[in-house]
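Geometric and topological summary
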Amino acid sequence: MQVIKTKNQLSLVLTEERSKGCNIGLVPTMGALHQGHISLIERCVQENDICVCSLFVNPSQFNDKNDLIKYPRQPEKDAQLLREAGCSILFMPDEREMYPEQDTRVFNFGQLEEVMEGVYRKGHFNGVAQIVSKLFDIVQPNKAYFGQKDFQQLAIVRKMVEQLSMGIDIISCPIVREKSGLAMSSRNTLLTLEQKEKAALISKYLIESFTFVSTKTPAEVIDFVKKGINAEPMLLLEYFEIVDGTTLQGIHDWTDASCVVGCIAVYCGSVRLIDNIVYKNAD
Ligand code: AMP
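Brief notes about unusual backbone geometry
For Ala 32, which is not glycine, the phi torsion reads 50° and is therefore positive. Looking at the element boundaries, Ala 32 is found in the loop between strand S2 (24-29) and helix H2 (35-47). Taking the relative accessible area as the measure of exposure, Ala 32 reaches 6% and is therefore buried. Phi is positive for Met 116, close to 45°, though the residue is something other than glycine. Within the fold, Met 116 resides in the loop between helix H5 (95-98) and helix H6 (117-120). Owing to a relative accessible area of 2%, Met 116 belongs among the buried residues under this scheme.

As structure tokens, then:
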């Protein structure tokens with residue numbers, strides 16, 4: 001695996017590979033890698049000649065400075081995990097390399113950014129679009145891999161690719177969970193053992209709520225999940241919404257959309273966790 005720190009070097013190497021007819025896959029990450037990330041890498045390795053993993057903790061997508069400071073970092077361990085997973089190139093730029101000057105671009109994703117994460121993390125998706133569009137420009141991948149765990153992010157990235165006619169295939173990959181059901185996240189390393197146990201209740205309620213789809217209305221399911229989470233003193237619910245998986249707008253009836261997803265954000269201590277469950281899928 002090659003470790004590359006500059007855009008120019010990465011462009012040079014990838015231009016050479018492309019001229020040989022190689023397909024390029026990209027997995028953007030912020031590091032502190034776990035099995036969720038590795039599942040994306042493995043799929044990227046399988047489906048492309050070259051797998052590029054970017055590791056960059058992107059300041060412009062953090063609306064909370066403290067969250068950025070305490071974000072876990074373990075670059076050496078990450079490099080080892082990527083080597084073992086068969087990744088071809090680790091792109092690990094520093095901040096000056098990605099933002100030689102302030103990025104003032106403002107994206108407009110309409111109603112997709114006016115709900116859920118867009119409400120509670122102001123500017124977050126603009127930062128995501130800034131960094132992902134830069135990475136897409138540099139790497140020019142055929143395919144890019146994103147996890148369904150960040151369901152709204154996937155919708156935003158798809159929209160950006162469409163708006164900018166980037167012609168990149170966005171591949172969505174299923175959520176990888178701990179044995180307890182807790183969705184894997186780099187932020188889980190910030191939880192104490194007790195908090196981790198309590199955090200597993202988030203997926204427990206989501207999975208249980210799935211069994212009510214035929215007997216309860218979306219509003220009743222929302223009520224069930226909210227009550228369950230709120231009954232646990234170590235958890236603080238930020239939102240739980242049942243939405244159309246394409247428009248991300250709330251639904252009133254299960255028949256209102258062909259893809260229906262329940263998205264949740266919960267604080268466990270000072271750690272903010274997100275998760276979701278697909279109640280109904282178009283395909
Ligand atoms: P991050 O490093 O948190 O920015 O995540 C990088 C990519 O990995 C994103 O596309 C995430 O959606 C994805 N990802 C993070 N956690 C998981 C998980 N538990 N299962 C599947 N994909 C994940």
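Comments concerning the pairing of S2
Counting buried positions along S2 gives 6 out of 6 residues, so the element sits mostly inside the fold. In terms of handedness, the path from S2 via H2 over to strand S3 (residues 50-55) forms a crossover that is right-handed.

Regarding the pattern of salt bridges
Inspection of every chain in the model, using the stated rule, returns 13 salt bridges. Of the charged contacts in the structure, one is a salt bridge between Glu 178 and Lys 196, with a shortest N-O distance of 3.8 Å. On the criterion of sequence distance, the pair formed by Glu 178 in the loop between strand S6 (169-173) and helix H9 (193-210) and Lys 196 in helix H9 is long-range, its members being 18 residues apart. According to the relative accessible area criterion, Glu 178 is partly exposed, its value standing at 26%. A residue is classified by how much of its surface remains accessible, and Lys 196, at 30% relative accessible area, is partly exposed.

Section: the packing of aromatic side chains
Tallying each qualifying case throughout the model produces 9 aromatic pairs. Ring geometry for Phe 56 against Tyr 99: centres 6.3 Å apart, planes inclined by 40°, an arrangement best described as tilted. Pair noted here: Phe 56 is in the loop between S3 and helix H3 (65-70) and Tyr 99 is in the loop between H5 and H6, with a separation of 43 residues, a long-range link. Classification of Phe 56 as buried rests on a relative accessible area of 9%. Summarising the aromatic geometry, the rings of Tyr 205 and Phe 224 are spaced 5.8 Å apart at their centres and angled 70° between planes, so their arrangement reads as edge-to-face. Within this pair, whereas Tyr 205 is found in helix H9, its partner Phe 224 is found in helix H10 (residues 218-230), the two being separated by 19 residues in sequence. Look at Tyr 205 and you get buried, because its relative accessible area is 15%. Over the aromatic face of Phe 212 sits the side chain of Lys 216, whose NZ or CZ is 4.9 Å from the ring centroid.

Rules behind the numbers
- Residues numbered from 1 in each chain as written.
- Predicted model: local features only at pLDDT ≥ 70, side-chain atom pairs only at ≥ 80, totals over all residues.
- Heavy atoms only, no water.
- Helix = DSSP H or I, 4+ residues; strand = E, 2+ residues; numbered from the N terminus.
- Buried < 20%, exposed > 50% of the residue type's maximum accessible area, 1.4 Å probe, protein only.
- Right-handed = clockwise from strand over helix to strand, strands pointing away.
- Salt bridge = Lys/Arg side-chain N within 4 Å of Asp/Glu carboxyl O.
- Phe/Tyr/Trp six-rings, centres within 6.5 Å; stacked < 30°, edge-to-face > 60°.
- Lys NZ or Arg CZ within 6 Å of the ring centre and 35° of its normal.

So far we have only geometry, and geometry alone does not tell us how the molecule works.
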